[in-house]
Amino acid sequence: MEIWDLYDENRDKTGETAVRGEQLPEGRYHLVVDELFLNSKGETLLQRRAKEKDIMPDIWSVMGGSATAGEDSATACVRETEEEMGFTPDMKNARVLMKEIHGPEEGSFLRDVWLIHQDVPLSQMTWQPGEVQDGMWILPEKIKEDPRLWKELNVLYFWKQAYPYLCLESMRIRIPKGVYRHYKGKRYEVLGLCLHSETEEPMVIYKALYGFQEIWTRPASMWNEEVKLADGTTVRRFTLEKE
């Protein structure tokens, strides 16, 4: 039997509890956590849910679940990841990316979506039988290129909102601030990354280190592209010289 602490709409515990499966009193919520991971390559971690799961069987998803009585958000993250994936998340390199509140028509719950920076090889993970059947590290932009993955992950309430920020954080890992040399020879300083206000695409903000030192922006997806030269060789568009 799983017991939940109950909260009000301000995220304060009320001192009440409920058993999983019971209808919650009006104005009461339980806490749900979801974990998004990024490794040092900018890849995010996905799990494939077990075929025998009652809810959303045999689809790709992320780690997470309901906090049980006595747990706070971070403690629930640790337990869920340890149970499902067999490793302990590094909560010292974690932060809450977004918070949501869902009403009675969606199950009456508060959601915390965590972003955790950590390197854990798949070989060091252990899938929980009956819960998880597989896992993979994948670059966030590759998810959208795969129709099946994109459709399955959009089952998650928060995915469309969180995805642009996951992509942005991934690109910040792969395009650190520093001085870069363009393949044509000129040098630029990356000042940071941001999201395009209309498309939510990650963008690089950078300054020319010559002439009037103009500030430019371009899609992050172009930054690490390879360019084919006239002689047939390929080079990186920008090469990092100094962080």
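Scroll up for the structure.
Remember, it's a predicted structure, so these values are computed and weren't measured experimentally.

**Observations regarding the overall build of the protein chain**
From N to C terminus, the protein chain includes five helices and 16 strands. For the C-alpha atoms alone, the extent of the protein chain along its principal axes is close to 65 × 35 × 30 Å. When contacts within the protein chain are restricted to residue pairs at least 6 apart in sequence, those whose partners lie at least 24 apart make up 54%. Counting every atom, the protein chain has about 13100 Å² of accessible surface; 49% of that belongs to carbon and sulfur. Computed over 32 positive and 43 negative side-chain charges, the separation of the two mean positions in the protein chain equals 10 Å.

**Thoughts on the pairing of strand E1 (residues 3-7)**
By the criterion of burial, E1 is predominantly enclosed, with four of the five residues buried. When E1 meets strand E2 (residues 13-19), the two strands line up antiparallel, connected through four bridges. Its bridge partner being in E2, Tyr7 is matched across the sheet by Lys13.

**Remarks on the sheet that holds strand E13 (residues 215-219)**
A sheet is described by the order of its strands in space; here five strands give the open sequence E13-E12-E11-E10-E16, paired in antiparallel fashion. Because the sheet does not close on itself, it has two edges, and the strands there are E13 and strand E16 (238-242). In this sheet, adjacent strand axes meet at a mean angle of 40 degrees when their direction is disregarded. In this sheet, E13 lies alongside strand E12 (residues 202-208) in antiparallel orientation, the contact comprising five bridges. Residue pairing across strands places Met203 opposite Pro219, the latter belonging to E13.

The rules we used
Residues numbered from 1 in each chain as written. Predicted model: local features only at pLDDT ≥ 70, side-chain atom pairs only at ≥ 80, totals over all residues. Heavy atoms only, no water. Helix = DSSP H or I, 4+ residues; strand = E, 2+ residues; numbered from the N terminus. Contact = heavy atoms within 4.5 Å. Areas by Shrake-Rupley, 256 points an atom, 1.4 Å probe, with all protein chains shown as cover. Lys, Arg positive; Asp, Glu negative; His and termini not counted. Charge placed at Lys NZ, Arg CZ, Asp CG, Glu CD. Buried < 20%, exposed > 50% of the residue type's maximum accessible area, 1.4 Å probe, protein only. Pairing = 2+ DSSP bridges. Axes fitted to C-alpha atoms, helices over the stretch in contact; angles between N-to-C directions.

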